[in-house]
Amino acid sequence: MTAVAGAFAGGWFAAPPDLTYTPAVPASQPVVVTGTHARDWKNSDVWPTLGNRAGDRGPGHEAMEIWLSGGYGPHSRLIATGQDSRSAPFYGAYDPSGQVLFSGTVPGMPRVTLVDSGGQLLRYATGNMPDKTVYTAPDPRADGVAMETPPLALNWNTDSGEPFPLAVPPWLTHLQVEGISGKDATWRPLKVTDGLSAPIPQFNAAVGSSDMVDAKGDCGYGALIRADNTREEGSGKTETFAYRPGWPYAVRLTYLADRNQYRGAAPLEQEYIRRMAGALLCDGPGIDRFRPASEVIWRPLWRGTPDGGGDEVAVLDQEVSYPQGQGYLNHDRDGMIEVGVHKASVFNTLVSNYENSTAPETAVSVGCLKSATGIVVVGPATAGTTRLVDPATGDHWTAHGNVLRVPKSQLPAKSDDLAASATTAGKDGQTDTGTCTWP
């Protein structure tokens, strides 16, 4: 057994690595790098190899070698995005293989290669580069289905000073791009040539109020993208995405107004929904901008005025799906968010089940909106009964449906543990619970 093969058998670099060379992949486990011609995508359900150097597998093979070696070797680096470990992957008896998604020269950038391998997306640039640097991120595909893959970024380094184009699959057509607010909130065509988009404009901050999201620094910079999906019909034909410079891929935005709806484009013409999308470019609510999500799904729960007048707000269930391999084990991070329908209104996390946990709960919760005139309790859209109880006195309030209003005059002077619950109708109806503090 060679020294390198022994390293595979006993775990990578149990002893300090030899940094004088890049470890080679054992001959018994060769790297296999494949590609698919762009004209064949309709028959194969795979992402085709895009770019003007699509036939050259060399950079893809080298990207795999660097990744499998853990980035060790002279002038060799591995930069992990959205995961904690930079160690080489273990693939046991399986041959390591990769599929080249993009390989080509990009105006204003070095030559770029994207490789999909082992649930990881690799980004490798070659040219006048001081280091052989491979960036890695969890594959954004849903259950391994290539057709669910969003546009992929070709520049993952915000400090490079290079443009931010995207690799766009051929089934997405008529791309448009816009900013979040003001004069930027106007759809304009985004040119795509042979799977390569024009650079994404760097629109300014998404918000105008610190009550909604933290707009300091570069938070809120990014763009919204809209495209037609030629493989879908009806409400699923239009796709919407949020993209932030430095993310490895765009995040799909889905809005499900009907509980039986499978997919729907986020109605970004509504300003408050556009601001929800803009908040995803920041550190919250409900998303970590350093761990890019694959999809965010919104389901409307209630819209009204908690004070009986004044600013209108909407309460939505927000489901953030992360790719497997980001420390969340592909769990969804659920929570309820409150967003102001008008510009001056707040945007915040109403109820959160995850609190930065690596093993989040996925059950929907019950949220409480507090105002000067009382409490509005909001539960899942399927709830048939919503209830609030003061354990200290036994006082309780009940309403049919998923919304309960309790006026200030009926509430205790102070309570830290008002118990809220919402029960779905039916024999096996689920009861979700939450806690409201007052005032």
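Heads up: these notes are all about the structure in this document. (Residues numbered from 1 in each chain as written. Predicted model: local features only at pLDDT ≥ 70, side-chain atom pairs only at ≥ 80, totals over all residues. Heavy atoms only, no water.)

1. Structural notes on helix 4 (residues 271–279)
Three or four residues apart is the spacing at which side chains of an α-helix point the same way, because the helix has 3.6 residues per turn.
Phase 1: Within helix 4, eight of the nine residues are buried, which leaves the element mostly enclosed by the surrounding structure.
Phase 2: Among all positions of helix 4, only Tyr-272, Ile-273, Arg-274, Arg-275, Met-276, Ala-277, Gly-278 and Ala-279 are buried. (Buried < 20%, exposed > 50% of the residue type's maximum accessible area, 1.4 Å probe, protein only. Helix = DSSP H or I, 4+ residues; strand = E, 2+ residues; numbered from the N terminus.)

2. A closer look at the sheet that holds strand 22 (residues 383–389)
Phase 1: Here we have four strands laid out as an open sheet, ordered 23-22-25-26, and antiparallel in their pairing. Where the open sheet ends on each side, the last strands, each with one partner, are strand 23 (396–400) and strand 26 (431–438). Pairwise comparison of adjacent strand axes, ignoring direction, gives a mean angle of 20° for this sheet.
Phase 2: As paired strands, strand 22 and strand 23 are joined by five bridges and run antiparallel to one another. Looking at strand 23, one finds that Thr-385 is bridged to His-400. (Pairing = 2+ DSSP bridges. Axes fitted to C-alpha atoms, helices over the stretch in contact; angles between N-to-C directions.)

3. Some remarks on the pairing of strand 4 (residues 111–117)
Phase 1: In terms of residue burial, strand 4 counts as a mostly covered element, since seven of its seven residues are buried.
Phase 2: Both faces of strand 4 are covered, namely the face carrying Arg-111, Thr-113, Val-115 and Ser-117 and the face carrying Val-112, Leu-114 and Asp-116.
Phase 3: Bridge count between strand 3 (residues 97–104) and strand 4: five bridges; the pairing is antiparallel. Pairing of Gly-104 across the sheet is with Val-112, part of strand 4.
Phase 4: Between strand 4 and strand 5 (residues 120–126), which follow one another and run antiparallel, lie two residues, and Gly-118 among them has a positive phi close to 55°.

4. Thoughts on helix 3 (residues 58–68)
Phase 1: Burial analysis of helix 3 places eight of its 11 residues in the buried class, the great majority of the element.
Phase 2: Positive backbone phi, approximately 75°, marks Gly-70, located one or two places after helix 3.

5. Quick notes on the environment of Pro-199
Phase 1: Tracing the chain through its elements places Pro-199 in the loop between strand 12 (196–197) and strand 13 (223–229).
Phase 2: Pro-199 gets classed as partly exposed once you look at its relative accessible area, which sits at 46%.
Phase 3: Along the chain, Pro-199 and Leu-166 lie 33 residues apart, while their C-alpha atoms are 7.3 Å from each other.
Phase 4: Setting aside its immediate chain neighbours within four residues, Pro-199 contacts Pro-163, Phe-164, Pro-165 and Leu-190. (Contact = heavy atoms within 4.5 Å.)

6. Quick notes on the nonpolar core
Phase 1: Counting residues in each nonpolar core, the largest one holds 60 residues, and the members touching the most others are Leu-154, Tyr-243 and Trp-298.
Phase 2: Other than its neighbours up to four places away in sequence, Leu-154 contacts Phe-102, Val-106, Met-109, Val-112, Leu-114, Arg-123, Pro-165, Leu-166, Ala-167 and Leu-196.
Phase 3: The next biggest cluster of nonpolar side chains, apart from the first, holds 16 residues, and it includes Cys-368, Ile-375, Ala-383 and Ala-399. (Core = buried A, V, L, I, M, F, W, Y, C linked by side-chain atoms within 4.5 Å.)

7. Focus on the packing of aromatic side chains
Phase 1: Going through the model one piece at a time under the given rule, you end up with two aromatic pairs.
Phase 2: Arranged with centres 6.0 Å apart and planes meeting at 85°, the rings of Trp-47 and Trp-171 form a pair that is edge-to-face. Here Trp-47 is found in the loop between helix 2 (41–44) and helix 3, whereas its partner Trp-171 is found in the loop between strand 8 (166–167) and strand 9 (172–178), with 124 residues between them in sequence. The two residues Trp-47 and Trp-171 agree in class, both being buried.
Phase 3: Relative to Trp-156, the ring of Tyr-135 has its centre 6.2 Å away and its plane inclined at 65°; by these criteria the two rings are edge-to-face. (Phe/Tyr/Trp six-rings, centres within 6.5 Å; stacked < 30°, edge-to-face > 60°.)

8. Considering the pattern of salt bridges
Phase 1: Tallying each qualifying case throughout the model produces 11 salt bridges.
Phase 2: Glu-62 is the partner of Lys-132 in a salt bridge, and the nearest nitrogen-oxygen pair spans 3.7 Å. In this pair, Lys-132 is assigned in strand 6 (residues 132–138) and Glu-62 in helix 3, connecting sequence segments 70 residues apart.
Phase 3: Of the residues examined, Lys-132 reaches a relative accessible area of 29% and is grouped as partly exposed. (Salt bridge = Lys/Arg side-chain N within 4 Å of Asp/Glu carboxyl O.)

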